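# Structure at a glance
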Amino acid sequence: MSALKDRLRADLTSAMKSRDELRTATLRMVLAAVSAEEVAGKEARELSDDEVLAVLRREAKRRREAAEAFAGAGRAEQADRERAEGEVVAGYLPAQLEDADLAALVADVITRTGASGMRDMGRVMGAANAAVAGRAEGGRVAAEVRRQLG
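Okay, unusual backbone geometry next. If you check the backbone angles, arginine 19 has positive phi at about 60 degrees while not being a glycine. Examined against the element boundaries, arginine 19 turns out to sit in the loop between helix 1 (3-17) and helix 2 (21-39). Classification of arginine 19 as exposed rests on a relative accessible area of 76%.

Quick look at the structure:
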């Protein structure tokens, strides 16, 4: 079993014991998503830490999008709940790159790939996403690549 999944389960147990409703509900939701991912496909399998991180990133993104949708619809209480759940999930994700660090990383990838314009964006994006390794969302990476190539 992955160490991250073990940590999620242990944290769920401690949240239940301390009667932390928000943390308990959020961790149950995350573990359900991990379990669903494990049984998806032709045969059940155990997820690696990287795959569990991918599930966590997806769940964090869902919380952000839901919070934006609730806020846009004037439902502040639900938006606050989604933001709070997102913060719990974000606690298990690696630290996000600062804008300056992301810009430097993208500049390095552009130099290494020899990209000269927007027609090279696909090649740069592939290398940049590999270098970022989940420390920045794809939209942020794409925006920075466009800015530097454009």
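After that view, the rundown keeps rolling.
Bringing the packing of helix 5 (residues 99-113) against helix 7 (residues 138-149) into the picture now. In contact at an axis separation of 10 Å, helix 5 and helix 7 are set at 60 degrees when each is read in the N-to-C sense. The angle between helix 5 and helix 7 places the two elements in the oblique class. With respect to the hand of their crossing, helix 5 and helix 7 are arranged in right-handed fashion. Residues Asp99, Leu102, Ala103, Val106, Ala107 and Ile110 of helix 5 pack against Arg140, Val141, Glu144, Val145, Arg147, Gln148 and Leu149 of helix 7. Considered class by class, the residues forming the contact of helix 5 with helix 7 number eight nonpolar, one polar and four charged.

Right, let's talk about the nonpolar core for a bit. Formed by 18 residues in total, the largest nonpolar core has its most connected members in Leu8, Val30, Val52 and Leu56. Listed by contribution, the elements that provide at least two residues to this core are helix 1, helix 2 and helix 3 (49-72). With six residues, helix 2 is the single largest residue contributor to this core. Not counting residues up to four positions away in its chain, the partners in contact with leucine 56 are Leu4, Val30, Val89, Tyr92 and Leu93. Within the second largest apolar cluster, 17 residues are counted, among which are Val106, Ala136, Ala142 and Leu149.

Parameters and conventions
Starting afresh in each chain, residues are numbered from 1 along the sequence in its written order. It should be noted that, the model being predicted, local features are given only for residues of pLDDT at least 70 and side-chain atom pairs only at 80 or more, the latter also being counted only at that level, while totals for whole chains, interfaces and linings use all residues. Hydrogen atoms and water are omitted, and side-chain values are computed over all heavy atoms in the structure. We count a stretch as a helix when DSSP gives it H or I for four or more residues in a row; a strand needs E for two or more, and each element gets its number in order from the N terminus. Summary of the burial criterion: residues with accessible area below 20% of their type's maximum are buried, those above 50% are exposed, and those between are partly exposed, where the area comes from a 1.4 Å probe applied to protein chains only. Angles shown run from 0 to 180 degrees and are taken between the N-to-C directions of axes, each axis being a line fitted to C-alpha atoms and, for helices, limited to the stretch in contact. For classification, angles of less than 35 degrees are called roughly parallel, those exceeding 145 degrees roughly antiparallel, those between 65 and 115 degrees roughly perpendicular, and all remaining angles oblique. By the definition used in this description, the sense in which the near helix is turned from the far one sets the handedness, with an anticlockwise turn below a right angle giving left-handed and a clockwise turn giving right-handed. Contacts between residues were defined by any pair of non-hydrogen atoms, one from each residue, lying within 4.5 Å. Side-chain classes follow a simple rule in which Ala, Val, Leu, Ile, Met, Phe, Trp, Tyr, Cys and Pro form the nonpolar group, Asp, Glu, Lys and Arg form the charged group, and the remainder, Gly included, forms the polar group. The definition of a nonpolar core used throughout is a set of buried Ala, Val, Leu, Ile, Met, Phe, Trp, Tyr and Cys residues joined through side-chain atoms within 4.5 Å.

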